[in-house]
Amino acid sequence: MGISGLLTAATALAGALLPTLAPPVAATPHPAVPCTAGTGPYQREMERYLRLPVDGRQTPTDCEAIRAFQTRNGVRPADGYAGLATYRTMRVVEARPNPNAAGNCPVRSYRIACVDLTRQLMWVQVGTRVTFAPVPIRSGRDGYETRTGWFSVYWRARDHYSDLYDNAPMPYSQFFSNGQAFHGTYNDLFQGGSHGCVNLRLDDARRLWDALAQDDAVYVWGEKPGTERRLRAGSLLRDALPVGPRAARTPPPTPGAH
C-alpha cells in the first residue's frame, strides 16, 4: 500500500473513533419580559411627561415607555410601574435643562445652594450658571419641616452621627440652620421625611461636599407635599438680604436633626 493509501486509511479510522459532532445551533434571542405592571399613583404625571395619552390608566404601551424611562435613569425596579421613585426621578430629569426656570432661587454673583421643597430637589448655582446639577432630596416631615429662607453653611463634618436620634449616621453633613443640614442617607430617599435635614443619596451628598464650602449661601423655599409648614422661624423674603446671608451668620452648630 502506498503512502496515499495509508493516509486515507488512517483518516477513515480516526473518523470512526471520534464521536460525531452536531452542527452548531444558532443562539435564540431571549424574549423580552412582558411589561405587566398595573396603574401607579403617578400614572397621569408620567403619561404627560412621556407624551402618552393622558387617561390615568396603564396600557402595555404606557408600561413599556415608563419601563424604558426607568432603565435610562437608574430607577429600580425597572418594571413600568409609575410609583413615587419614578415620579421623583422624572421631576429631577425634567429640571435638568434649567432648574431655576421659575426664578425662585435668587441669582447672585456668589455660590448658592438652592433647595426647592415643593419639587423635593436641590442644585447649586453661581449667577445663572448651574455648578451642581439638580438631585432629589428628602426634607422634613410634617411637624419637623425644613426651615425656609436665607442661611449659610456654618459647620461641616464628613463622618457625623446624630446626638439626638440614636446616634444615626449623617455622612457628609453640612449644617446651615440650627441643626438642620445637608447629609447623605442609607435609607430610601423616596419614603417619608426627615427631622428637618435635607437628605440626599450617599453619592450625591459626597459630590455636594466637594461642591460647597463653609460660609456658602443656602436658600430654601416651597413646601414639601403633605406638610403644613408650621415651622417658619428664620424665613426671610428672598430680597431681604441684598448682599446675601453672610450679613447674619447662623448661630454655632447644634448638630442633631437628621
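Above this text you will find the structure in question.
For clarity, every value in this text was computed on a predicted model and none was experimentally measured.

(A) Spatial organisation of the layout of surface pockets. For the largest pocket, the calculated volume is near 270 Å³. Taken together, 17 residues make up the lining of the largest pocket; nearest its centre are Asn-73, Gly-74, Thr-89, Phe-190 and Arg-201. Of all elements in the fold, only helix 4 (84-95), strand 3 (129-136) and helix 5 (202-211) reach the threshold of two or more residues within the lining of the largest pocket. No other element matches the 4 residues that helix 4 contributes to the lining of the largest pocket. The computed volume of the second largest pocket comes to approximately 220 Å³. Lining the second largest pocket are 16 residues, with Leu-84, Arg-88, Gln-120, Lys-224 and Pro-225 positioned closest to its centre.

(B) Representation of the state of the cysteines in the model. Under the definition given, this model contains 2 disulfides. Note that Cys-35 is cross-linked by a disulfide to Cys-63, the S-S spacing being 2.0 Å. Measuring the twist about the S-S bond at about -75°, one finds the Cys-35-Cys-63 disulfide to be left-handed. Of this pair, Cys-35 sits in the loop between helix 1 (3-17) and helix 2 (43-49) while Cys-63 sits in helix 3 (residues 60-72), placing them 28 residues apart in sequence. The burial state of Cys-35 is the same as that of Cys-63; both residues are buried. Here Cys-105 connects covalently by a disulfide to Cys-114, the sulfurs 2.1 Å from one another. On the sign convention where negative means left-handed, the S-S torsion of about -75° between Cys-105 and Cys-114 marks this disulfide as left-handed. Of note for the protein: the bonded cysteines, numbered N- to C-terminal, pair according to 1-2, 3-4.

Reading the values: rules and limits
- As a convention, each chain's residues are numbered from 1 in the sequence order in which they are written.
- The model is predicted, so local features are restricted to residues of pLDDT at least 70 and side-chain atom pairs to those at 80 or more, both for listing and for counting; the totals for chains, interfaces and linings are taken over all residues.
- Heavy atoms throughout the structure, all of them, feed into the side-chain values; hydrogens and water do not.
- Within this scheme a cavity is a closed region of a 1 Å grid, computed over the protein atoms alone, that accommodates a 1.4 Å probe without allowing it to escape, whereas a pocket is open but has protein on both sides within 12 Å along at least five of seven lines; lining residues each have an atom within 4 Å of a point.
- Grid points are joined across faces, edges and corners, and a volume is the space filled by probe spheres set on the points.
- Runs of H or I in DSSP of at least four residues are treated as helices and runs of E of at least two as strands, each being numbered from the N terminus.
- Any pair of cysteine sulfurs within 2.5 Å is marked as a disulfide.
- Throughout, exposure labels follow a simple rule: accessible area from a 1.4 Å probe, protein chains only, divided by the maximum for the residue type, with under 20% read as buried, over 50% as exposed, and the rest as partly exposed.

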